[in-house]
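Structural characterization, general
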Amino acid sequence: MATQPELCIHHQDIPAGSRVSLCLSLPRVHPHMTETMPVHVIRGEMDGPRLFISAAIHGDELNGIEIIRRFLNLPMLSGLNGAVIAVPVVNAYGLIHHSRYLADRCDLNRSFPGSEIGSVPSRIAWCFMEEIVRKCTHGIDLHTGGAHHSNLPQIRADMDNADTRSIALAFGAPVILNPPLREGSLRATATADGISTLVYEGGQALRFDEICIRTGVEGILNVLRELKMLNGAALPPSAPASDLARSSCWLKAPTGGLLRLLKPLGALAIKGDLLGLVDNLFDDNTSEIRALFTGIIIGRKEIPMVREGDAVFHLASVDEPEGAALRIQNRYGSAAAGRLPDQKNEPRII
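Quick caveat, the model's predicted, so the values are computed rather than measured.

Following both chains from N to C, one finds helix α1 (residues 63–72) and helix α6 (residues 210–226) inclined at 50°, their axes separated by 9 Å at the closest point. Between α1 and α6, the angle falls in the class oblique. Seen along the crossing, α1 lies across α6 with a hand that is right-handed. Every residue of α6 that contacts α1 at N63, E66, I67, R70 and F71 is listed here: E210, C212, I213, R214, G216, V217, I220, L221 and L224. Taken together, the residues of the contact of α1 with α6 break down into eight nonpolar, two polar and four charged.

Before going further, it helps to examine the packing of aromatic side chains. Per the counting criterion, the structure on display carries three aromatic pairs. Judged by centre distance (6.2 Å) and plane angle (85°), the ring pair of F52 and F128 falls under edge-to-face. Of this pair, F52 sits in strand β5 (residues 46–54) while F128 sits in helix α3 (residues 120–131), and the two are 76 residues apart along the sequence. By relative accessible area, which is 0% here, F52 ends up buried. With relative accessibility at 0%, the residue F128 sits in the buried group. What links up through ring pairs into an aromatic cluster is the set F52, F112 and F128.

Bringing the sheet that holds strand β12 (residues 257–261) into the picture now. Taken in spatial order, the four strands make up an open sheet running β15-β14-β12-β17, and their pairing is antiparallel. Each of the sheet's edge strands pairs with one partner strand only, and the pair in question is β15 (286–290) and β17 (305–306). For β12 and strand β14 (residues 274–279), the ladder comprises four bridges, and the chain directions are antiparallel. Paired with L261 across the two strands is G276, which belongs to β14.

The next thing to look at is a nonpolar patch on the surface. Nonpolar side chains collect at one region of the surface, where L258, L281, F282 and M305 lie side by side and expose about 450 Å² of accessible area between them. Tracing the sequence through the fold places L281 in the loop between β14 and β15. By relative accessible area, which is 47% here, L281 ends up partly exposed.

Attention now moves to the environment of P15. Mapped onto the elements, P15 comes out in the loop between β2 (12–13) and β3 (18–25). Of the residues examined, P15 reaches a relative accessible area of 47% and is grouped as partly exposed. Separated by 11 residues in the primary sequence, P15 and Q4 place their C-alpha atoms 8.9 Å from one another.

This paragraph deals with α1. In an α-helix, one turn spans 3.6 residues, which is why side chains three or four residues apart end up on the same side. α1 sits mainly inside the fold: seven of its 10 residues count as buried. Residues of α1 that are buried include every one of N63, G64, E66, I67, I68, F71 and L72, and no others.

Between side chains of opposite charge, a pair can form as their charged atoms come close. Taken as a whole, this structure holds 17 salt bridges when the rule is applied. Of the charged contacts, one joins D193 and R134 as a salt bridge, the two residues approaching to 2.6 Å between their closest N and O atoms. In this pair, D193 is assigned in the loop between α5 (186–192) and β10 (196–204) and R134 in the loop between α3 and β7 (138–143), connecting sequence segments 59 residues apart. Residue classification places D193 among the partly exposed residues on the basis of a relative accessible area of 36%. For the salt bridge of R290 with E288, the shortest nitrogen-to-oxygen distance reads 2.8 Å. You can call R290 partly exposed: its relative accessible area is 36%. We classify E288 as partly exposed; its relative accessible area is 44%.

A few words on the pairing of β10. β10 sits mainly inside the fold: eight of its nine residues count as buried. Bridge count for β7 against β10 is six bridges, and the pairing is parallel. The residue bridging L142 from the neighbouring strand is Y200, located in β10. Inspection of the sheet shows strand β8 (residues 149–156) paired to β10 by five bridges, in the antiparallel sense. Bridged to N151 within β10 is G203.

There is about 970 Å³ of room inside the largest pocket. The dominant element in the lining of the largest pocket, judged by the number of residues it contributes, is strand β11 (residues 243–252), at five residues. When grouped by side-chain class, the residues that make up the lining of the largest pocket number 13 nonpolar, 14 polar and 12 charged.

What follows deals with α3. Counted at 1.5 Å a residue, the expected span for α3 with its 12 residues is 16 Å, and the 16 Å between its end C-alpha atoms agrees. When we look at burial in α3, the residues that qualify are P121, S122, I124, A125, C127, F128, M129 and E131. Lining the buried residues of α3 we find β1 (8–9), β3, β4 (36–43), β5, β6 (81–87) and α5.

Let us now look at the side chain of Q154. Along the chain, Q154 turns up in strand β8. Under the relative-accessibility criterion, Q154 is labelled buried at 0%. Within polar-contact distance, the side chain of Q154 engages the backbone oxygen of L152 at 2.8 Å. A polar contact of 3.1 Å, which involves the side chain of Q154, links it to the backbone oxygen of I298.

Thresholds, definitions, all that
- Here the residue numbering is sequential within each chain, running from 1 through the sequence in written order.
- Reporting of local features is limited, given that this is a predicted model, to residues whose pLDDT is at least 70; pairs of side-chain atoms are given and counted only at 80 or more, and all residues count toward the totals for whole chains, interfaces and linings.
- With hydrogens and water set aside, each side-chain value is computed from the structure's full complement of heavy atoms.
- Between N-to-C directions, angles span 0 to 180 degrees; the directions come from axes that are lines fitted to C-alpha atoms, helices contributing only their stretch in contact.
- Helix and strand definitions follow DSSP, with helices as H or I runs of at least four residues and strands as E runs of at least two, each counted in order from the N terminus.
- If an angle is under 35 degrees, it is roughly parallel; if it is over 145, roughly antiparallel; if it lies from 65 to 115, roughly perpendicular; otherwise it is oblique.
- What makes a crossing left-handed is the near helix being turned counterclockwise from the far one by less than a right angle; a clockwise turn instead makes it right-handed.
- The contact rule is simple, with two residues in contact once any of their heavy atoms fall within 4.5 Å.
- As a working rule, the residues Ala, Val, Leu, Ile, Met, Phe, Trp, Tyr, Cys and Pro are called nonpolar, Asp, Glu, Lys and Arg charged, and the rest polar, with Gly in that last group.
- Between 30 and 60 degrees the pair is tilted, below 30 it is stacked and above 60 it is edge-to-face, where a pair is any two Phe, Tyr or Trp rings, Trp via its six-membered ring, whose centres lie within 6.5 Å.
- Only protein chains enter the calculation, and the probe is 1.4 Å; a residue is then buried if its accessible area is under 20% of its type maximum, exposed if over 50%, and partly exposed in between.
- Strands were regarded as paired on the criterion that DSSP finds at least two bridges between them.
- Nonpolar side chains (Val, Leu, Ile, Met, Phe, Trp, Tyr) within 5 Å and like charges within 9 Å form the patches, drawn only from residues with over 30% relative accessible area and no salt bridge.
- The protein chains shown are the only cover counted for residues, whose accessible areas, like all others here, come from Shrake-Rupley with a 1.4 Å probe.
- When a carboxyl oxygen of Asp or Glu lies within 4 Å of a side-chain nitrogen of Lys or Arg, that pair is called a salt bridge.
- Any residue with an atom within 4 Å of a point lines the site, the site being either a cavity, points on a 1 Å grid over the protein atoms alone where a 1.4 Å probe fits but cannot get out, or a pocket, an open set with protein on both sides within 12 Å along at least 5 of 7 lines.
- Grid points are joined across faces, edges and corners, and a volume is the space filled by probe spheres set on the points.
- Multiplying one less than the number of residues by 1.5 Å gives the expected span of a helix.
- Nitrogen and oxygen atoms within 3.5 Å of one another constitute a polar contact, given that in protein one can donate a hydrogen and the other can accept it, and given that sequence-neighbouring residues count only through two side-chain atoms.

Pasting the structure below:
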């Protein structure tokens, strides 16, 4: 058997055929506070791709933590080829404080690639890049919607890159977006380094969402199969093929007030459809939010208080919107029963 390339994390050698848990020391935000980043490494007997899986770069996004916990407990990983490096909590400070941000209100996902001698966010980003990301060939970064927003399970990826496109399609999320890379983000930095990286979005902050968690675990397994990291040929995802969004945009609240949502995640929105209403708190005026084009609702606000200009519905344009909505309903309809308001104009989808 050929000798495998060396894998060393935080001065610890990870031999082939081993499973190791360790903690990366992080910069201190206070002289008497020590923070660490938990890392779980599974390395197979046979050489192969190296995949990092990260969660909680935004500390209030919890679904990814549970996705990684369930993934690590799967018995099939005993037959792994290559290596998986799983980091369930990148932003420990944010997790402890139920916050998206670090101590200085800095967004860690705008701090990459970071610097060894920079600010605390910059040093954390640098440590994560050097110790984890740059030792891998592929990556999956797990996220949820931001504060008070929920996302339909979706993948964001550079679909112009053949390697990234193959694992994005293999993941099997209902929708794939190809948005521009954001400067300072993990995905942009990893992509610039030649590491094919997906962002998985599903659910909302500070909440577990069983549907999004299951979709995430299944998606990671599908990617492992696509990369031939699990014994056996690549298997199709448990749902029909993903729909690739040509574009997407957020529909904003036309005024401040109380929001009434009339369409759920995954629903078909025909151009001109009424999606929501905003009631003025001081008179009888009601403003409408209507679809600007025909598409699928892939994100929405989840609290009734809105200000003028707040993002309310995220609408994606796909080639066959009616078919996409039906595929989403067939995939998630029964599992999501009871989660949404039982309104005649709001089918139970997700």
